[in-house]
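Close look at the chain arrangement
Okay, here's what each chain looks like letter by letter:
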Amino acid sequence: MARKMRRRSPQVKKSFNQNLIGCRINQKLSFSPLFAKSTKGAKVFWPGCNLLQLEPDIIDKTYDALAEIIPGLGFSSFCCGKPSLHVQTEKNFFNRVDWLNCQIKTAGIKEAYTACPNCQRMLEQYTSLQPISVWEVLDKHFPVRLLGAAAGETWALHDPCAARSDNVSQQAVRSILDKAGVEIKEFAHNGAKTRCCGNIDMLMVLDQQKGRTMLEKRLAETPGDVPVVSYCQGCSKSFSDNGQESRHLIELLFGKSSSCNWLNRYKNVSKNR
């Protein structure tokens, strides 16, 4: 029997089209000279697009902590292109990958210290770069001034689904939180079995109903009446946008961002580091 195609209502279809167009515009801007910039040199801090929407002071403090550990560290605001993988044609995606690899070569970048698990996976798969998790570095060389940075606080730790196979980052994050004095509450599903926040592979754009169902299942697992911390800004925003207090790990270490927007991203990209 032939399967019937699932039809969207006109209202849902309109919302879907608007979200898709918005995401494509987002990617066009992300690969434009306005937002795609990098210093030259072998090593760069690669925060990722979402994290760059936090206030510049927080990104500055994160960069400074890493620069104390990594001599000659530069800064890159390049996008890894993951949204394009899901919302653009295959040709458009690989055109952007080719452009990104060309820019990486021109800048002489060899190592990218990533704060985004999605960037880490994309760079491993589609570029010649050696991505290194900033959590591994910060845990090994934890700044003395940050000892007890969040002492006495209790947070539920959400592992991003993009980090399911990254046991090194999972353990480093837990060690960092312990050194910062945080009591960790674990979700029932964590580590390699963590559940998605609903935003995997641009699902909130491509199938918002399915994405929200996944998010609600994850929110229902929150252990106790405590806020959530994650090491993926996309996950943190998914939670906070739906009424669950949530912060990115660097906000626990370097201060809460009072805003999360494209203006912050522009300021972060425009700074000389």
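On a predicted model such as this, the values are computed, not experimentally measured, just so you know.

A word on the sheet that holds strand β2 (residues 74-75). Backbone-to-backbone hydrogen bonds pair the strands of a sheet. The strands run either parallel or antiparallel. Read from one edge of the open sheet, four strands run β2-β1-β3-β4, paired in parallel fashion. With partners counted over all chains shown, the strands left at the sheet margins are β2 and β4 (130-133), one partner each. Sheet topology note: the strand β3 (residues 111-114)/β4 ladder contains four bridges and is parallel. The residue bridging A112 from the neighbouring strand is P131, located in β4. Across the sheet, helix α2 (residues 56-69) touches β1 (43-46) and β2, and the angle it forms with β1 is around 150°. Packed on one face of the sheet, helix α5 (residues 117-126) meets β1, β3 and β4 and runs near 160° to β4.

Mean pLDDT for the protein: 92, with 94% of residues reaching 70 or above. Confidence drops under a pLDDT of 50 for residues 1-15, and excluding neighbours within four residues, the segment shows five contacts in the predicted structure.

Counted according to the given criterion, the structure contains 10 aromatic pairs. Taking 5.7 Å as the distance between ring centres and 70° as the angle between the ring planes, the aromatic pair formed by F31 and W99 counts as edge-to-face. Separated by 68 residues along the polypeptide, F31 in the loop between α1 (10-30) and β1 and W99 in helix α4 (residues 90-107) bring together distant segments of the chain. Judged by relative accessible area, which is 12%, F31 ranks as buried. Using a relative accessible area of 30% as the deciding quantity, one classes W99 as partly exposed.

Right, let's get into the pattern of salt bridges. Think of it this way: side chains of opposite charge can pair up when their charged atoms draw near. Tallying each qualifying case throughout the model produces 12 salt bridges. Measuring nitrogen to oxygen at the nearest pair gives 2.3 Å for the salt bridge that ties D60 to K271. Taken together, the residues D60 in helix α2 and K271 in the segment after α12 (262-270) connect sequence positions 211 residues apart. The exposure class of D60 is buried, given its relative accessible area of 16%. Between D201 and K82 there is a salt bridge, with the nearest N and O atoms lying 2.8 Å from each other.

Another aspect to go through is the layout of surface pockets. One number sums up the size of the largest pocket: a volume of about 1200 Å³. In this structure, the largest pocket is lined by 48 residues; those nearest its centre are N50, P83, N199, M202 and G234. Mapped onto the lining of the largest pocket, the elements with two or more residues apiece are α1, α3 (82-87), α5, α8 (203-206), α9 (208-220), α10 (233-240) and α12. Residues belonging to the lining of the largest pocket are distributed by class as follows: 25 nonpolar, 16 polar and seven charged.

If you walk across this open sheet you meet the four strands as β6-β5-β7-β8, and the pairing is parallel. Two strands close off the open sheet at either side, each with one partner strand: β6 (183-186) and β8 (246-248). Put simply, the sheet's adjacent strands are angled 40° from each other on average, direction ignored. Sheet topology note: the strand β5 (residues 154-158)/β6 ladder contains four bridges and is parallel. By the bridge assignment, L157 is partnered in β6 with E186.

Taken as a whole and judged by the stated rule, the model has zero disulfides. For C49, which is in no disulfide, the shortest distance to another cysteine sulfur is to C79 and amounts to 3.5 Å. Taking the relative accessible area as the measure of exposure, C49 reaches 15% and is therefore buried. Just so you know, C235 is unpaired, no disulfide at all, and the nearest cysteine sulfur is the one on C232, 3.7 Å from it.

What counts as what
Residues numbered from 1 in each chain as written. Predicted model: local features only at pLDDT ≥ 70, side-chain atom pairs only at ≥ 80, totals over all residues. Heavy atoms only, no water. Pairing = 2+ DSSP bridges. Helix = DSSP H or I, 4+ residues; strand = E, 2+ residues; numbered from the N terminus. Contact = heavy atoms within 4.5 Å. Axes fitted to C-alpha atoms, helices over the stretch in contact; angles between N-to-C directions. pLDDT = per-residue confidence, 0-100. Phe/Tyr/Trp six-rings, centres within 6.5 Å; stacked < 30°, edge-to-face > 60°. Buried < 20%, exposed > 50% of the residue type's maximum accessible area, 1.4 Å probe, protein only. Salt bridge = Lys/Arg side-chain N within 4 Å of Asp/Glu carboxyl O. 1 Å grid on protein atoms, 1.4 Å probe; cavity = no way out; pocket = protein on both sides within 12 Å on 5 of 7 lines; lining within 4 Å. Points joined across faces, edges and corners; volume = space filled by probe spheres on them. Nonpolar A, V, L, I, M, F, W, Y, C, P; charged D, E, K, R; others polar. Disulfide = S-S within 2.5 Å.

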